[in-house]
Structures are given as C-alpha cells and as structure tokens.
4 protein chains.
Amino acid sequence: MKAHKILQAPIPMRWVGPIRISGNVLDEQLSVPLATYETPLWPSVGRGARVSMLCEGGIKTTLIDERMTRSILLEADDALAAHQAVQSIKARREELNAVVAQTSRFAQLIDMHSQIVGNLIYLRFEFTTGDASGHNMVTNAADKLIPWLLEEYPDLRYSSISANYCSDKKATAVNGILGRGKYVVCEILIPREVCERRLKTTPEKVVDLNIKKNLIGTLMAGGLRSANAHYANMLLAFYLATGQDAANIIEGSQGVVHAEVRGDDLYFSCTLPNLIVGSVGNGKGIEFVDANLTQLGCREPREPGANARRLAAICAATVLCGELSLLAAQTNPGELMEAHIQLER
Amino acid sequence: MKAHKILQAPIPMRWVGPIRISGNVLDEQLSVPLATYETPLWPSVGRGARVSMLCEGGIKTTLIDERMTRSILLEADDALAAHQAVQSIKARREELNAVVAQTSRFAQLIDMHSQIVGNLIYLRFEFTTGDASGHNMVTNAADKLIPWLLEEYPDLRYSSISANYCSDKKATAVNGILGRGKYVVCEILIPREVCERRLKTTPEKVVDLNIKKNLIGTLMAGGLRSANAHYANMLLAFYLATGQDAANIIEGSQGVVHAEVRGDDLYFSCTLPNLIVGSVGNGKGIEFVDANLTQLGCREPREPGANARRLAAICAATVLCGELSLLAAQTNPGELMEAHIQLER
Amino acid sequence: MKAHKILQAPIPMRWVGPIRISGNVLDEQLSVPLATYETPLWPSVGRGARVSMLCEGGIKTTLIDERMTRSILLEADDALAAHQAVQSIKARREELNAVVAQTSRFAQLIDMHSQIVGNLIYLRFEFTTGDASGHNMVTNAADKLIPWLLEEYPDLRYSSISANYCSDKKATAVNGILGRGKYVVCEILIPREVCERRLKTTPEKVVDLNIKKNLIGTLMAGGLRSANAHYANMLLAFYLATGQDAANIIEGSQGVVHAEVRGDDLYFSCTLPNLIVGSVGNGKGIEFVDANLTQLGCREPREPGANARRLAAICAATVLCGELSLLAAQTNPGELMEAHIQLER
Amino acid sequence: MKAHKILQAPIPMRWVGPIRISGNVLDEQLSVPLATYETPLWPSVGRGARVSMLCEGGIKTTLIDERMTRSILLEADDALAAHQAVQSIKARREELNAVVAQTSRFAQLIDMHSQIVGNLIYLRFEFTTGDASGHNMVTNAADKLIPWLLEEYPDLRYSSISANYCSDKKATAVNGILGRGKYVVCEILIPREVCERRLKTTPEKVVDLNIKKNLIGTLMAGGLRSANAHYANMLLAFYLATGQDAANIIEGSQGVVHAEVRGDDLYFSCTLPNLIVGSVGNGKGIEFVDANLTQLGCREPREPGANARRLAAICAATVLCGELSLLAAQTNPGELMEAHIQLER
C-alpha cells in the first residue's frame, strides 16, 4: 500500500564552486553541493565563489563555539524550592556528566542555564556532541538525566523532556545568546576592482545597502537577530545536500552581516551563531549524502568533532558567497529580476 | 564537469494518512507525502492522522487570509518628503495595479504598508498571486513598480528592490501582523477516550504542557510569535514533497497552539498565520512533485488560487497531526526517546 | 491615616534649551522642562540643544501618523465563526463609529486590525483622540463597543476589554508596525565644524558608533525595534514634567537612530514611532504641569489635536538632543564617566 | 534665568497597603509609597494588598539572582583575533576584578559574556553592586577596565564604553536570559472564597484570562518576554516614590504571570527577572526619597546589598498586587471603566 512504502523526493542538486576558504578550521578551495528547487541560487553562490578565488585568503572562517542543547521542564513546590534545586543541580555537573556518559561516548555536558517562572524550572543542558549535530544525543542524555534528577530531588516533578528553552527550530533569542550549534564568523576583504568587475557594484553601495536593508529593514520588521538577506536559502540547499535536519535553518537564519569600506576595499562578514550541522547521524548513511560528505572531506579519520567543524566552516563560507552575491545584485535596479529570468530558462 | 551537471538529492519520502479534514476549503480524507531525513516524523504524523479519523469532522481548517509581499526601499530628501510621497502613493493604488497587471495575469495589489526611518521609505506591497506562492511574481511586480514610481516621483531615489520589510525567510513580527502567505487555523475536538487510548494522555495533560512549554517556554526563550513544539518539521517535509520553497518554513514556524479542556474533551488548535505554498511555479514541474500535487487534488481546473488554498489547508492539517502527537508524547516521561529508538531501527 | 493622604514626590526639574525646532508642526526655538533623578541628563540635552541652534533649521520634526489603540478579546464558537464575525465587523466601521461618538466628542475610530487564534478574536481598535493621549478615551469607547458587538453578534462571547494586542506599556512589535501614539521623525544636518567643536567628535565617528552600538549591538541583544542609546531617559524626564503617563516610555523607547555622513556634514535622525503624549487628560490639571504645558505653548486655542502634536514634536526634538549628545560622548573613551563625575557634583 | 534653576515636579503620591509579604528576603506586612499621575492605581494596588492580608503567608517573594551589567565594544583585527582575545580575557577574571576593586568597595565582577560579529567584540561585564542599582558603578568599572584591556591587548581598539549588549532601558532579550537587576518571583495562593468576595471573580476566570490575554495576546503582538497586563504601572509609581531610575521600567516590564487553579484555590505568580532598584545612589539623598526608603526599612545597617534586596522584594510584591487586581477586574465586563470613572472623581 502506498502509505507504507518509502519513496524518494529527488531534489535538483548541483556542485558549485570552487570556493577559497581559509581560517582556523580548514585552508583549501573546494566546491559545495546545493540541493534546491530555487535553481537561481546556483549561479548566485557561484558568483560569490569566484570572488572568493580572487581575494587573498579567500573567505576566512573562524569557529568560535559549539554546543547542542536540550531544555527540560520540572516543577517544584514553589519558587524557593525551585531556586534551591537549581542551585544544587548546577553545582553537581560532574555527577550529571557521569549520567550523560552512560548514554553516549561523545556527549559531554559543558554548561547549564535556567529560568524560573513561578514554581516552574526551565533547565537548559548544553553539550558537545562530537561529529553529530546532536539532536538525538541530547534527547537521550536528557532522558537519562530526568529520572536521575527525580530520584535525587524527590520534591521535583516531571513536566516535559523538552521545554522550548532549548530552542529547537523556533525563532528565539536564547540560541544566539547562550549558543546552539556552531558559532562561525566568515570574513572576506574584496578589492574594489573585484567588486566592480565581478559584482558590478562598489564597496560603498554594498555597505550602504547592508545598513539600510539588513540592519534597519529587519529592525523595522520586528526582526530577531536576523540582519541578513537570505542566509536561509544557502543553508537549506547545503543542508539538504549533506543530510542535515534542514528545519534547523530557522535558528541558522538568525545571523548578522557586517560590512565596511576599509581603505579602498570592501570588508564583508557573515556571522552565523547557530549553525547546526553534523557529519554523522540521521540521514548521513544515505548513499548520495555519504558521497557528498566524503567529497567535502568530512568523512576523514579525525578527532571527534573535527569533521563536523569542517562541515560548518564550509557551510558558512557558502552562505557568505550567496549573501554577497544577492546584496551586490540588489544595489543595481533591475539586475535581480533579469538574473532570475535568464537563469530560470 | 561535476560542477556544471544537475544531479539529484533523493530525500526519503512516504505517504502518511489518511487525515480527515473539513472546513471552508475542503471536506475529505486523504494521505499526504512527507519527505524528510527525520523518519520518526512519519509515524508521529500518522498517529495524529489516525486521531483525526476518530473525531467528528476531523480537523477543521479555516483559511483566514492570503497574500504575498515584497517591500522596496526608496529614499526621499527628508522625512517630510518621504511622508508626502508615501501618502500620495498609497492613494494611487489603482494606477499601481495597472502597472502590476502588465507583469502577470494573476498578481493583484491588495494593500500597502510603510515605515519611514529618517528619509528612508520602506514600502511593503501586498498581492494576491493566484495559485503561485508568488515570490517571483511580486519581485517582478516590484521590478516594474520601481521605475514607474521613480518617474512619477522624480525626487525619490532607488535604494533596493527588497528591503527586509517583506520579510522573506527571516524571523520577524511583520509577517504575522500584516500577513504573508496563507493564514490558516486548524481545530480538532478530541474525545477523552480517544486521547487516552490513542495518544496515551489526557486532555488536561496536553493543555498543561502546551501552556508551560509552548507558551511560557518559548516566551522565556525570547521567542517571536512561536508557541509550538515543532511546526517546522512537518512544514519542511510537506514543502519538500510538494516542490515548495522550503526556506519559508522560517515564517511558517511562527504560529501558536491553543488548547483547552472543553467539557470532557480536548480542544486542540494550530494557528498558522504564515503558510507560504503554491501549486504552480518553481519546482512544481518536476515529475514527482507534479505527481504528488496531482495526488493531493491540487492540479484540478479551479478558479485561480483555489488549488493553492487547498494545498495550504492540507499542509496545515498535517502540521496539527504532528504537533498533537509530539505534545502527547512529551506528557509522558520516557515515551519520546523510546519512540525514537524503536522507529529509527 | 498615612495610607489615605495624598502626598507629593517632588522630582528635580530644570528647563533646558533653547532648542531650535522646525518642520510640519512648529517652527520655533524654545526650552523644555525635564524632571529626573538623573541630573546629568540636563547638560547632556543642553549640549544637543546648543548644537540645534547652530544648524540651519535646527531639528526638523515631521509628524507622520497619530492614533491610540485598544484591543478587545472575544470568543467565537470556532475559527470559521471568528473569521466571519471579524469580516462583518470590519465592514461596519461607520456603525461602530456612531457608538464611539456617544462616548466622546473627540474619539474617532480610524482603523481596525485583528488576529484569530483558534476560536479567539483579538480585535484592535485604532482611534484619533484629539489632544488627549487617549488611554481612557479608548477604554471608554471599547466599553461601549463591547455590549454593542455582543448584541449584534450574539454568538460571540466576552473575554477581555484589553487583550494585550493594543499593546499598552509592554515591549512588542505591533505598536511600531500598526501604529500607537504619534509617529515622529526628527532630523538634523550638523556641519563638521559644529560636530568637532561642540560635540568633540566627527561625523564619521558618530555614524560608525551608531551602526556598531545602536544597530548591531541591540540586534545581538535580541532587541525589538530599539536601535538607540537612551531615548528612554529623555522621554521619562519630559513625560514627568508634562504630566504624561510615563509608563508609556516602554513603547516610546522603541525607535531607531539613522545617521550618515552627507558631504562633509553629519546627518543625524531619530525616528520615534510610538510617542504617546497628550496636552489634556489625567495629570494635566496639576498646577505645575499646567504651567509647563502653557509655557511650551501647548494650551493654546487650536483645532483638536494640534496642541498634542506640538507637544509630540517638542518631545521628539528633545530626545534627539540627548541621543546625539550621548553618542558623541561615547565616541571618546573616558568622556562619559568624566562628565558624570563632574556633573553629579 | 529659568533655564538654570532647579525646580520640582511634585508628582501625587500615596501610601498603599499594608501588604503581607513573606519569603527569603523579608517576612512582614507594610505599606508602600506610589507616586503617579494615574491615581486609579492606588485603589487597584490597595485591593491586591487587602487580598494579601487574607492569604496564608501573603505574598511569598523569592530572590533568585542579582547583578548589574555594562557591555563594552572593542575591535580586533579579525574574528580570529577577536575570539582569541575574548577567550584570554574571560580566563583572567581575577585580574579584571582587581582593576574593578580600585573603583568601588562594592562592585565585584561575577561573570562575563560576549558576542563576536565580524571583528567586533561585544563584552558584557556582570557585577554585584551592593545596595546601589549600580548604573554608575559599572560604568566607572568599565571606564577603568577599558584602558587596562587596551594595554594588555594592544591589538584591540576602543569602540564604545556602552555597546547596547548591556542592555540599559531598551526592550531586549539579553537581560532576561543573562540577568540584569534582581530576579524576583512572587507567589500567592488565594482561597476561592477570597477570590470571589474580594476580587469579584473566580480562580478559573483569572487563569483563563492570563492565558488568553497575557500569554497569547502578547505573543500575537510580537511581544518580547512580556506576559503581563501592566507591571509597568506599578514599577513606575514605586520607582518614582523611592528615587529609582524609572527608565528601567523598560526592562522591568519584561516579566511573566503564571496562574493555575490548585485544588479550589488560585495560585497566582508574578516573575520579575529584571528589577533594577537600589537603596543608595543617585536620587536617594532627596529628602522625601530618604524618608520613604527609611519608612520601608531599607536604610537599616545591614550587610551590603541586603537593603536593596529588601526593596526589590517589596517592589515585586507591589507589582503582584496591582497585576492581580487588574486581571480580576478585566474578567468582568464593564468593571474596569466603572472603576476608572468612580476613582478619578
């Protein structure tokens, strides 16, 4: 019966690049796979990639932080009991980590944060998770931590294994402020001449548009930590091509572009505080995904986490390529639509 | 060369259902295709679907509004000139609509909103776009409106064809407040007995969890109009299976669950103010997409827009199925992880 | 008994200025009263005022919009009934206005917006309210509209006279997007020489700081439409000195500074979308308030609303003075603290 | 000359109460001074106070956390240099604290958080500040930390002494998530009979209204951590009467009401994560302020910080009184306006 058979949704995919990437994670040039129905994305990212090849060091990517989170919801008798329990729990991180260690070789509890509302406890566990994005690993860890906590603190009661203070796949501020996924910054310094010849624009125009559109425009829209034009498009295409849980583009889309004229050049940076990617886990065993990850050099024998960090750096650089290209296009009236019309044919 | 060849990313897909749907758009029972790497989603939505079959009228879906938006950015000499220009432009909607009509048979300008910042004008055009989600249609319309505006208002200057006040694929408040995509509300009244037998929970537990997790939890996370557990997962899978621009799950994820105990039953509703879907346009011509849309009954000869509204209602009902199922699971300690472990095998 | 006697809290107050103001509301130079415990505010605003006297036209203030709002909460049987009721109610604005007219000579219903959540109706009434800020006027109007609505739509049920979709004195996006209070933009063009001599800074430094602090800094803080340094301080002091409901500084603080180097000069603008002020109503009859309003020229015989608009323009210009002065100070390491130390003595 | 003379703005003030308060800070009953132009606030808070006297333990207040913050903005050469500098700085808290100690006997650096955007460093210092609210203390500390940092890290450059990642007097998420001011939770358990007789409502009605208005209504308004009806009103009046910097009601207004029916009673809680108050500092030397603080028992010889914590607990309990009273009123159609009309006479 149809309803029980596993089928396939073959999304169009193309390799785009090469992109020149340097930084504290990798130093190479390589192409990236992008799966999308929005095929004008390919030449758009491709243009950014070509620019990267013309700039010294290409796109410098810096990995700042990494963690995966799960918040649980417990109830105490009142706020005071909640407060005392939280203080006690936070002081016992080593014991908690011993519980976590039973669930995974890779999961490690690195921090905890909490909020108390009335007698409710929102407790956010923050883990490193090796090469996995870590969704299941942290759920599994929480699943073991909860009974341990309920036994150690018999006055607490279970409310939920996920309390939305994680926050998974929802537009919130907590992920940017406390961290969730990889925090990556990409920077490129583009000579004016490259700007003019390849991007048909000037450093001044890109800087100006970024301020008025990405910073002020999003602000007026009531945006939440989202000063960019279309991070989401690149993230989606890269995530689909590499077997990621693409619903995490929601957090991923919350990042900020900062650009400046420096001397005669354009400094252009994309900060991505919430890039959730893994090189192992759900979906990674599918044949084409495995092939893509291998081709990207993210299936090498490395220390746990190194393949995932490499993937994050490549993903972030891809985002910069597409963001730069679209902003450049929007500085010129008419170019965007023309490009769409030409490319969709 | 690899970089130039179009390949495919075959995402696992399954038909789930049937779901019983009624309301002001359709009255049927039908299965839905879901493409995802997160395969536990299938049985989760499936459980919600089975519940829908046991409730009178199943899932009532009400379509409240539909529109697609594009904001442009213009500059005036100062705020006063900006204000006067905006007032004048808003008064000439019919003339603008004549310009829009040259670009599409389907696009129709139905409203305009604006923000003025210093001398900057953020002008948000709001269109109906027939059966298309409308991204390109509104870009095309804006592309023609801009030269017309610059000619009619020679003191205005072009700044950008997209000003982030649209807002496309970014976490903002404007889409929920002014509208973008289809605004759909889904409701279901679940007898206590069905709750207990099929969802292994009670109306009281679901209501309680919704308040503490979806409403208060998201609030504490600094969330923006996002009181739900995982709308994004169902949206992504449905969007991929039906050729949608899945980056729009970002807006789509911003919605609210409201649940109440009514008499002895559970009233459970999912409000989705920003559902961006189309039955024609980019991606819809791909063979499997076309087949899926046809199977869903969204390729019938109907008045413009009717197929897209049908698709939106089906999508929203699918979201409710998955949301209900996960919330029910989270009311029981341990169930979530067990389900994951069983299903992933 | 102490608990029943009305006492006084005498807040320190000083007149600061004169400020040179032009624009579509007034064209004058005048001093403003500021009541505050934070007395360094006086010289800070005073410095901005002196700058305004040295710039052509001083501070140009443009009033863009004015309205006061009240949202009510009604319940229907389901979302469809809610939708149909809202559509019908919106089509009967004239009838509603007749009901409103019974409650006040000045209140006039100019628009309505709504949100539907499940079967809940959030209905936002938007009024002009003459010279009053309008809090009570719109509550009174809502108080009469509700019974009328419940009689006309017997299937609707009362839930609340205020539904937080107004939104009064809370950090939300709706006020900026749909309007609440006066929407005022202030602009000034400051010659480089004035910048350097009076503000001890350069146009470039102020522009740079505004981008990095007000725009990006607030964004990273998860801010909501709040790209400014300290609008709130000036608003509080002005509101207290003129008998306003100063809790409305919460909405008032949500505004954006936009600055640019233009030629050799500094273009500096403060956009204040939610300035809630009145020249009549609660608190305005107190002797010193009345004297201050009179001194500001806001007690003259004018058409209804003109005195309040004048007050809003003056208030906004005052905000610009203080905002400019603090930003200038923060471009120089050490200046801020020195100023505080000197002034507090 | 008028512009140079210090005058007074005598705001109407009344003592309201007594309120019954218990918890981890104080256990007493006492009246509170409220200065406001909105005089209906007095009987509204008074009603809540009377309810507190009828409930066992009255209002239980729990102080969860306290800190005052200042963020500075530095620039590095690139993101990598920024990252390395931040890591190094965070590891040297003791050295930083030695610098801080030179500026105040009371300021103590207890934590640091950061954000990196391109090459920009937003560094948030978090201090305890004794009995002062701490605005000036942390500015002073930052003023000394900056030259120290610039000397220790010669590759960093000064950008601003305040980077809006603090955040002071602006609607943001960071304060709630990382902490700013006192974090206080107030709880009360109100017997049904008291609800009915004193508040003219039922536990069920209050719970229902809180969900639909404070939680869902604010959410639909695009609110930011602000699920309450009017915290701001009580905060403003209490702040003005006790010499606080009342512009901090902006952060203060960001809090959440959680209510439940428990057995036959109403559990009602107000969580206030960002209560910024001090018993010493700016404004506290003014005669009536000093008298009010003394009357509240906040000028006693106690360990540093104890008077300020006491003040915070009293303030929070006052907020609960007013919040409870207004919500109760809004459950009854017509009561709000009647109350206003009666009381304003």
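Residues numbered from 1 in each chain as written. Chains lettered and ligands numbered in written order. Predicted model: local features only at pLDDT ≥ 70, side-chain atom pairs only at ≥ 80, totals over all residues. Heavy atoms only, no water.

Going by what an unreviewed UniProt entry lists, chain A is known as Hydroxymethylglutaryl-CoA reductase (NADPH) and is assigned to Marinobacterium zhoushanense.

Just checking my understanding: could you explain the overall build of chain A for this structure?
Across its full length, chain A holds 12 helices and nine strands. For chain A, the C-alpha atoms occupy an extent of roughly 70 × 45 × 40 Å along the three principal directions. The buried share among the 345 residues of chain A stands at 72%. Of the contacts made within chain A by residues no fewer than 6 positions apart, 74% connect residues no fewer than 24 positions apart. In the form shown here, chain A has an accessible surface area of approximately 10,100 Å², with 48% of it arising from carbon and sulfur atoms. Of the charged side chains in chain A, 35 are positive and 37 negative, and the gap between their average positions amounts to 5 Å. (Helix = DSSP H or I, 4+ residues; strand = E, 2+ residues; numbered from the N terminus. Buried < 20%, exposed > 50% of the residue type's maximum accessible area, 1.4 Å probe, protein only. Contact = heavy atoms within 4.5 Å. Areas by Shrake-Rupley, 256 points an atom, 1.4 Å probe, with all protein chains shown as cover. Lys, Arg positive; Asp, Glu negative; His and termini not counted. Charge placed at Lys NZ, Arg CZ, Asp CG, Glu CD.)

Would you explain the interface of chain D and chain B in this entry?
Where interface size is quoted, it is often the accessible area lost as the parts come together. The interface is formed by 20 residues belonging to chain D together with 20 residues belonging to chain B. The largest contributions to the chain D side of the interface with chain B come from L219, M220 and R225 of chain D, which together make up 35% of the buried area. Taken together, the links from chain D to chain B amount to two salt bridges. The partner of K212 of chain D in a salt bridge is E260 of chain B, with the nearest N and O atoms 2.7 Å apart. In this assembly, chain D and chain B are joined by four residue pairs in polar contact (both at pLDDT 80 or more). (Buried area = accessible area lost by both parts, 1.4 Å probe. Salt bridge = Lys/Arg side-chain N within 4 Å of Asp/Glu carboxyl O. Polar contact = N/O pair within 3.5 Å; in protein donor to acceptor, adjacent residues only side chain to side chain.)

Please clarify how the interface of chain B and chain A should be interpreted in this entry.
Each side of the interface is counted separately: chain B has 89 residues, and chain A has 89 residues. Across the chain B/chain A interface, buried area totals approximately 7,500 Å², and carbon plus sulfur atoms make up 61% of it. Seen at the junction of chain B and chain A, the total is two salt bridges. The residue K212 of chain A makes a salt bridge to E75 of chain B at a minimum N-O spacing of 2.8 Å. Connecting chain B to chain A are 38 residue pairs in polar contact (both at pLDDT 80 or more).

Can you help me understand helix α7 (residues 203-220) of chain D in this one?
Residues spaced three or four apart along an α-helix point in a common direction, a consequence of the helix completing one turn every 3.6 residues. Residues and elements named next belong to chain D. Look at α7: 24 Å from first C-alpha to last across 18 residues, which is about the 26 Å you get at 1.5 Å a residue. The element α7 is extensively covered by neighbouring structure, given that 15 of its 18 residues are classed as buried. Within two residues after α7, G222 carries a phi angle of roughly 70 degrees, on the positive side. (Expected span 1.5 Å × (residues − 1).)

What is the right way to read the pattern of salt bridges from this model?
Where side chains of opposite charge bring their charged atoms close, a pairing between them can arise. Applying the stated criterion across every chain, the model contains 96 salt bridges over all chains. Two residues, E260 of chain C and R262 of chain C, come together in a salt bridge whose shortest N-O distance is 3.1 Å. E260 of chain C gets classed as buried once you look at its relative accessible area, which sits at 14%. R299 of chain D is the partner of D290 of chain D in a salt bridge, and the nearest nitrogen-oxygen pair spans 2.8 Å. A residue is classified by how much of its surface remains accessible, and D290 of chain D, at 31% relative accessible area, is partly exposed.

Even after reading the chapter, I still don't get the relation of the copies chain D and chain B, so can you show me in this structure?
A rotation about an axis combined with a shift along that same axis relates the two copies of the chain. Each copy of the sequence occupies a distinct position, and chain D is placed on chain B by a rotation of 180 degrees and an axial shift of 0.0 Å, giving an RMSD of 0.0 Å. With respect to symmetry, the two chain copies, as superposed, fit the operation of a two-fold axis. Among all C-alpha atoms of chain D, that of L215 of chain D lies closest to the rotation axis, at 3.2 Å. Looking at the interface residues of chain D, 100% of them are also at the interface in chain B, so both copies use one shared face. (Least-squares fit on C-alpha atoms with pLDDT ≥ 70 in both.)

How should the nonpolar core be read in this particular structure?
In globular proteins that are soluble, nonpolar side chains generally tend to be buried together. Counting 516 residues, the largest nonpolar core has F268 of chain A, F268 of chain B, F268 of chain C together with F268 of chain D as its most contacted members. In this structure F268 of chain C touches C186, E187, I188, V206, V257, H258, A259, L320, E323, L324 and L327 of chain C, once residues within four positions along its chain are discounted. (Core = buried A, V, L, I, M, F, W, Y, C linked by side-chain atoms within 4.5 Å.)

Whenever I open this one, the domain arrangement of chain A confuses me. Can you help?
Residue and element names in this part refer to chain A. By the assigned domains, chain A splits into domain 1 (13-65 + 181-344) and domain 2 (67-160). Listed per partner, the contact involves 17 residues of domain 1 and nine residues of domain 2. Summed over both sides, the interface between domain 1 and domain 2 buries roughly 930 Å², with carbon and sulfur atoms accounting for 44% of that surface. Counting every contact that joins domain 1 to domain 2 gives one salt bridge. For R67, the salt bridge goes to D65, with nearest N and O atoms at 2.8 Å. Seen at the junction of domain 1 and domain 2, the total is eight residue pairs in polar contact (both at pLDDT 80 or more). Elements supplying a minimum of two residues to the side of domain 1 that touches domain 2: β7 (181-190) and α11 (306-330). Among the elements that make up the side of domain 1 that touches domain 2, the one with the highest residue count is α11 (three residues). (Domains from an automatic or database assignment.)

Hey, could you run me through the packing of helix α8 (residues 231-241) of chain B against helix α11 (residues 306-330) of chain B in this one?
Helix-helix packing: each pair is described by the crossing angle between the helix axes and the interaxial distance. Residues and elements named next belong to chain B. Remark: α8 packs on α11, axes separated minimally by 8 Å, with the N-to-C direction vectors making an angle of 135 degrees. The orientation of α8 relative to α11 falls into the category oblique. Our pair here, α8 against α11, has a crossing hand that is right-handed. Contacts between α8 and α11 involve Y231, M234, L235, F238 and Y239 from the first element and L311, I314, C315, T318, V319, G322 and E323 from the second. Class assignment of the residues belonging to the contact of α8 with α11 gives a composition of nine nonpolar, two polar and one charged. (Axes fitted to C-alpha atoms, helices over the stretch in contact; angles between N-to-C directions. Parallel < 35°, antiparallel > 145°, perpendicular 65-115°, else oblique. Left-handed = near helix turned anticlockwise from the far one by under 90°. Nonpolar A, V, L, I, M, F, W, Y, C, P; charged D, E, K, R; others polar.)

Quick question: what am I supposed to make of the environment of L80 of chain A here?
Within the secondary structure, L80 of chain A is located in helix α2 (residues 79-90). Sequence spacing of L80 of chain A and I116 of chain A is 36 residues, and the spatial spacing of their C-alpha atoms is 9.7 Å. If we skip the residues at most four places from it in the chain, L80 of chain A touches N24, T62 and E187 of chain D.

Can you walk me through the packing of aromatic side chains in this structure?
Pairs of aromatic rings are described using the distance from one ring centre to the other and the angle between the two planes. Residues and elements named next belong to chain B. Tallied over the full model, the rule gives four aromatic pairs over all chains. Plain terms: the ring middles of F125 and F127 are 6.3 Å apart, the flat faces sit at 50 degrees to each other, and that makes the pair tilted. F125 gets classed as buried once you look at its relative accessible area, which sits at 0%. Above the plane of the ring of Y267 lies R262, whose end atom (NZ or CZ) is 3.6 Å from the centre. (Phe/Tyr/Trp six-rings, centres within 6.5 Å; stacked < 30°, edge-to-face > 60°. Lys NZ or Arg CZ within 6 Å of the ring centre and 35° of its normal.)

Got a minute to help me understand the side chain of H83 of chain D in this structure?
Tracing the backbone shows H83 of chain D in helix α2 (residues 79-90). When residues no more than four places from it in sequence are discounted, the contact partners of H83 of chain D are T62, L63 and I64 of chain A together with I116 of chain D.

Would you take a moment to explain the pairing of strand β7 (residues 181-190) of chain D for this structure?
The side chains of a regular strand alternate between both faces of the sheet. All names here are of chain D. Counting buried positions along β7 yields nine of 10 residues, so the element is predominantly enclosed. Inspection of the sheet shows strand β3 (residues 59-75) paired to β7 by seven bridges, in the antiparallel sense. By the bridge assignment for β7, T62 is matched with V185. Across eight bridges, the pairing between β7 and strand β9 (residues 265-275) is antiparallel. Across the sheet, C186 pairs through a bridge with C270, a residue of β9. (Pairing = 2+ DSSP bridges.)

Would you mind going over the relation of the copies chain B and chain A with me for this structure?
The transformation that overlays chain B on chain A combines an axial shift of 0.0 Å with a rotation of 180 degrees, and the residual RMSD is 0.0 Å. Same-surface contact between copies: 100% of interface residues of chain B are shared with the interface of chain A.

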